[in-house]
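# Working through the structure, step by step
Here are the chains, one letter per residue:
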Amino acid sequence: MTEKEVKHFYNSKDWKRKRIKILDRDRHECQDCRERLRKAAEEGSRLYGEDCKIRRAQEVHHIKELREHPELALDEDNLISLCTQCHNIRHGRYPKRFVRKKKQISEEKW
Ligand SMILES: [Zn+2]
Ligand SMILES: [Zn+2]
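## Concerning the packing of aromatic side chains
According to the stated counting rule, one finds three aromatic pairs in the structure shown. With a centroid separation of 5.2 Å and 45° between ring planes, the pair formed by F9 and W15 is classed as tilted. Looking at F9, the relative accessible area reads 9%, which means it is buried. Judged by relative accessible area, which is 1%, W15 ranks as buried. An aromatic cluster of three or more residues is present, and its members are F9, Y10 and W15.

So, in structure tokens, the structure goes:
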């Protein structure tokens, strides 16, 4: 998939509809946060501050990258709801803690 196709995809009606469906499916809870809490409970380890809670999911992530697997673009098993922080971690991005609102914006980037 080219950059242009990716962009086009994220602007499509199908994606917007699917995205809402996935967020609803996951009850707007970040699935990685949920997993972190589950693991901590299992291991009996303690979490601190921000990490203690399940953050609200704001983004839907492609487990298998859209660019490499366009055939899975709308496959619900390939989609997961994440908060911004966990999403950044999944992509290996560690933004500074206080980024300007404007820069944070949208899921359209991915
Ligand atoms: Zn999270
Ligand atoms: Zn992603």
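## Side note on the coordination of the zinc ion (ligand 2)
The coordination sphere of the zinc ion (ligand 2), as far as protein atoms go, consists of H61 (ND1), H87 (NE2) and H91 (NE2), spread over 2.0 to 2.1 Å. Read in sequence order, the donor residues for the zinc ion (ligand 2) give the motif H-x25-H-x3-H. A residue is classified by how much of its surface remains accessible, and H87, at 1% relative accessible area, is buried.

## Brief notes about the coordination of the zinc ion (ligand 1)
For the zinc ion (ligand 1), every protein donor is listed as C30 (SG), C33 (SG), C83 (SG) and C86 (SG), and the spread of their distances is 2.2 to 2.4 Å. Its four donor atoms give the zinc ion (ligand 1) angles of 102 to 117° at the centre, a pattern that matches the tetrahedral case. Of note, the zinc ion (ligand 1) draws all its donor residues from one chain, in the sequence arrangement C-x2-C-x49-C-x2-C. With a gap of 56 residues between them, C30 in the loop between α2 (13–25) and α3 (31–43) and C86 in helix α4 (residues 84–90) connect regions that are remote in the sequence. For the residue pair C30 and C86, the accessibility class agrees, reading buried in each case.

Basis of the calculations
Every chain is numbered independently, its residues counted from 1 as its sequence is written. The lettering of chains begins at A and the numbering of ligands begins at 1, in the order of writing. Per-residue local features are limited, in this predicted model, to residues with pLDDT of at least 70; the limit for side-chain atom pairs, both in listing and counting, is 80 or more; totals at the level of whole chains, interfaces and linings are taken over all residues. Calculation of side-chain values draws on the structure's entire complement of heavy atoms; hydrogens and water are dropped beforehand. Ring geometry is summarised as follows: Phe, Tyr and Trp rings, the Trp one being its six-membered ring, pair when their centres sit within 6.5 Å, and such pairs are stacked at plane angles under 30 degrees, edge-to-face over 60 and tilted between the two. For each residue, the accessible area found with a 1.4 Å probe, counting protein chains only, is set against the maximum for its type, and the residue is called buried under 20%, exposed over 50%, and partly exposed in between. In this description, a donor is an N, O or S atom within 2.8 Å of the metal centre, a cutoff extended to 3.2 Å for sodium, potassium and calcium. Water is not part of the atom list, which can make sites seem incomplete. The geometry test gives tetrahedral to four donors whose angles all lie between 85 and 135 degrees, gives square planar to four donors and octahedral to six donors whose opposite members are over 155 degrees apart with all other angles between 65 and 115, and gives irregular to the rest. Each helix is a run of DSSP H or I of at least 4 residues and each strand a run of E of at least 2, with the numbering of both proceeding from the N terminus.

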